[in-house]
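Inside the fold
For reference, the chains in residue letters:
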Amino acid sequence: SGQRLHPKTMRTLFGYSVAQLTLEHQLALHMLAHFSADFSQSQAEQILLLSNTRHFLDELCSRSLLEPVQIAGSERFHVPTALRTYLLSSFNALANNPNIMSMQSRFVVQVVGQVQDIRTLLSLSDYPGAIARLSEHLEDIRTGLRFAVDLKDYASVKTVAQGLLRLLFEANLPNEFTEVVEATSKFAQAAEDIAFRIEVLGLQGAHASRFSTQAEAERLWRERLQLSRQANHPFYIADTLADLAVLLFEENRTEDCLILLDEAEEVSGRGGFIELVASVVIIRARVHLKLNELDAARQGLARTEELVEQCAGTSSQLFVCQNMALCYEESGDPAAARNMITRLLRQSFGEHRTAHIGWALGQLGTRFASDGRTDLAAKCFTTAVKVFEQSQSKHYARASSRLKDLVESHPQIEPLVTELQRSPRWQTLLTELLTELEA
């Protein structure tokens, strides 16, 4: 009749329709409702393990409990939205059913495979591909993670965390990052998996620095340092000391910063961790500049220039380049600073390191604005806004403020900014910007 049914009437109809199925098929349908979007016959077969999955899917379609869809020439299936909501709302009553638990376990196996595919893309430096695959499967991965937690399947929880935490952090998905951390931390502590707890705490500290407070970042990194000492793990000790030293430097706690740098340099030097040695040396050079100890600062910068190429391929190289740029600027060499920032932008884009991308765009935009090159400044600030707009982080607020100030001071660039903001992908804007900078 075209009339909208009352929700209570819809629930009654759904309940009646589902009750017409055998118990085995009722449980299977409830399980299929956990797919966030569409799924293939193969995916259903792997999870349900029915004697004739195709017949079951056809039966559901004939009862309008499932909708067949064609995507890129492939047949897939979709549980209607209203029915899916009903099934999920009534799922808790079935959660302890042994058959449901078996299907949940197989759903987790499927999700772990998706995460491993994402890790493979990351290992090939295909960051756009990894991000696209993450976006496609994110809701199913979150469901699989919840199942793994309920099933106390720590191995799968850890696999998901190792595969996704860094990517979630760089993709500016703070809620999803926190969800994975919370699931992981509880199990890691119970399993006394200290090495993995140390890895997670390092990212948690960086996450807190970006989305929360420096005080919370310091708390997490000091906990990481304590665990690293307990495990007698020299690399993590030196790495955490360096992170804490930067935090203290930024808070003008210079004496405490130098104490940590002394230990970090000694531990990293003894362990042969060149990338950490370079990190410590460049931080110390910045401390010397702050204290107006120019000769010592120049010596530190010169030594870092020798070390930075040895850091290629390490997670520390971008950090070293960023601080070298600041040293050049603070010591009165703006041309060298800009060259280093441009190099940093190009390299961090290749590695999809969004914090470094945002920092470099902010630095370049500020320089272009002061030089009167407002079009380039607008491109830098607008791209930075789009990098972080999904997260609403401190980086996003800073980039938005810079762009707003620029437009207010130079209203003639507003049409350009409006045009740039229409771009659906910041990666496109950044590619065009790098081409322009290198022309």
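Notes on the structure in this doc start here.

Reading the values: the criteria
- Residues numbered from 1 in each chain as written.
- Predicted model: local features only at pLDDT ≥ 70, side-chain atom pairs only at ≥ 80, totals over all residues.
- Heavy atoms only, no water.
- Helix = DSSP H or I, 4+ residues; strand = E, 2+ residues; numbered from the N terminus.
- Buried < 20%, exposed > 50% of the residue type's maximum accessible area, 1.4 Å probe, protein only.
- Contact = heavy atoms within 4.5 Å.
- Areas by Shrake-Rupley, 256 points an atom, 1.4 Å probe, with all protein chains shown as cover.
- Core = buried A, V, L, I, M, F, W, Y, C linked by side-chain atoms within 4.5 Å.
- Pairing = 2+ DSSP bridges.
- Expected span 1.5 Å × (residues − 1).
- Arc of directions from axis to C-beta.
- Phe/Tyr/Trp six-rings, centres within 6.5 Å; stacked < 30°, edge-to-face > 60°.
- Salt bridge = Lys/Arg side-chain N within 4 Å of Asp/Glu carboxyl O.
- Axes fitted to C-alpha atoms, helices over the stretch in contact; angles between N-to-C directions.
- Parallel < 35°, antiparallel > 145°, perpendicular 65-115°, else oblique.
- Nonpolar A, V, L, I, M, F, W, Y, C, P; charged D, E, K, R; others polar.
- Polar contact = N/O pair within 3.5 Å; in protein donor to acceptor, adjacent residues only side chain to side chain.
- Left-handed = near helix turned anticlockwise from the far one by under 90°.
- Disulfide = S-S within 2.5 Å.

A look at the overall build of the protein
Secondary structure summary: the protein contains 22 helices and two strands in total. Oriented by its inertia axes, the alpha-carbon framework of the protein measures out at about 85 × 60 × 35 Å. Within the span of the protein, comprising 439 residues, buried residues form 50% of the whole. Counted over contacts in the protein with a minimum sequence separation of 6, partners at least 24 positions apart contribute 62%. With an accessible surface of roughly 21000 Å², the protein has 50% of that area assigned to carbon and sulfur atoms.

Quick word on the nonpolar core
Considering soluble globular proteins, one finds that nonpolar side chains tend to be buried as a cluster. One finds Cys257, Met324, Leu345, Ile357, Leu361 and Leu430 to be the most contacted residues of the largest nonpolar core, which totals 76 residues. In this structure leucine 361 touches Leu345, Cys380, Phe381, Thr383, Ala384, Leu430 and Leu433, once residues within four positions along its chain are discounted. Counting 64 residues, the second largest nonpolar core, distinct from the first, contains Val79, Phe91, Ala148 and Val181.

Observations regarding the pairing of strand β2 (residues 74-78)
In this structure, strand β1 (residues 67-71) lies alongside β2, joined through five bridges in antiparallel fashion. Counted as the bridge partner of glutamine 70 is glutamate 75 from β2.

Points about helix α22 (residues 426-438)
In an α-helix there are 3.6 residues to a turn, and that puts residues three or four apart on one side. Taking 1.5 Å as the rise per residue, α22 with 13 residues should run 18 Å; its terminal C-alpha atoms sit 18 Å apart, in good agreement. When we look at burial in α22, the residues that qualify are Trp426, Gln427, Leu429, Leu430, Leu433, Leu434 and Leu437. Each buried residue of α22 lies within a common arc of 155° when the element is viewed along its axis, so the set occupies one face. In the core, the buried residues of α22 are packed alongside α17 (334-350), α18 (354-370), α19 (374-388) and α21 (414-421).

Notes on the packing of aromatic side chains
Per the stated rule, a full pass over the model turns up nine aromatic pairs. When the centroid spacing of 5.4 Å and the interplanar angle of 80° are considered together, the rings of phenylalanine 107 and phenylalanine 147 count as edge-to-face. Of the two residues, phenylalanine 107 is situated in helix α6 (residues 98-123) and phenylalanine 147 in helix α7 (residues 127-150); the sequence distance between them amounts to 40 residues. Taking the relative accessible area as the measure of exposure, phenylalanine 107 reaches 2% and is therefore buried. Pairing phenylalanine 349 with tryptophan 426 gives two aromatic rings, centres 5.9 Å apart and planes at 50°, and the pair type is tilted. In this pair, phenylalanine 349 sits in helix α17 while tryptophan 426 sits in helix α22, placing the two residues 77 residues apart along the sequence.

Description of the pattern of salt bridges
Applying the stated criterion across every chain, the model contains 33 salt bridges. Its salt-bridge partner being arginine 253, residue glutamate 218 comes within 3.0 Å of it at the nearest N-O pair. Note that glutamate 218 is positioned in helix α11 (residues 214-231) and arginine 253 in the loop between α12 (234-250) and α13 (254-271), a separation of 35 residues in sequence. A relative accessible area of 28% places arginine 253 in the partly exposed class.

Remarks on the environment of phenylalanine 39
Inspection of the secondary structure puts phenylalanine 39 in the loop between α2 (23-32) and α3 (41-48). Taking relative accessible area as the criterion, phenylalanine 39 reaches 0% and is therefore assigned buried. Taking C-alpha positions, phenylalanine 39 is 25 Å from tyrosine 16, a pair spaced 23 residues apart along the chain. In this view, phenylalanine 39 contacts Leu32, Ala44, Leu57, Leu66, Arg76, Phe77, His78 and Val79; residues no more than four positions away in its chain are not counted.

Remarks on unusual backbone geometry
In this structure, leucine 49 is a non-glycine residue whose phi angle is positive, near 55°. Looking at the element boundaries, leucine 49 is found in the loop between α3 and α4 (53-62). We note that asparagine 232 has phi near 55°; this positive angle belongs to a residue other than glycine. With respect to the helices, strands and loops of the structure, asparagine 232 is situated in the loop between α11 and α12.

A word on the packing of α2 against α4
At a closest axis distance of 12 Å, the pairing of α2 and α4 adopts a crossing angle of 80°. Considered as vectors, α2 and α4 are oriented roughly perpendicular to each other. When α2 is examined against α4, the residues His25, Ala28, Leu29 and Leu32 are found in contact with a partner set consisting of Phe56, Leu57, Glu59 and Leu60. Here the contact of α2 with α4 is composed, by residue class, of six nonpolar, one polar and one charged.

What about the side chain of glutamate 218?
Since its relative accessible area comes to 13%, glutamate 218 is described here as buried. A polar contact is formed between the side chain of glutamate 218 and the side chain of arginine 253, at a distance of 3.0 Å. Those residues in contact with glutamate 218 that sit more than four places away from it in its chain are Leu244, Leu247, Leu248, Glu251 and Arg253.

So, the packing of α7 against helix α9 (residues 174-190)
Two elements in contact, α7 and α9, have axes separated by 11 Å at closest approach and are oriented at 20°. By the angle class used here, α7 and α9 are roughly parallel. Here α7 runs over α9; the crossing is left-handed. Of the residues in α9, those touching α7 at Leu138, Arg142, Leu145, Arg146 and Val149 are Glu176, Glu179, Val180, Ala183, Lys186 and Phe187. Of the residues assigned to the contact of α7 with α9, the class counts are six nonpolar, no polar and five charged.

Structural notes on the state of the cysteines
A covalent bond between the sulfur atoms of two cysteines is what we call a disulfide. This model, assessed by the stated rule, comprises zero disulfides. Cysteine 327 takes part in no disulfide bond, and the closest cysteine sulfur, belonging to cysteine 257, lies 12 Å away. Given the relative accessible area of 1%, cysteine 327 is considered buried.

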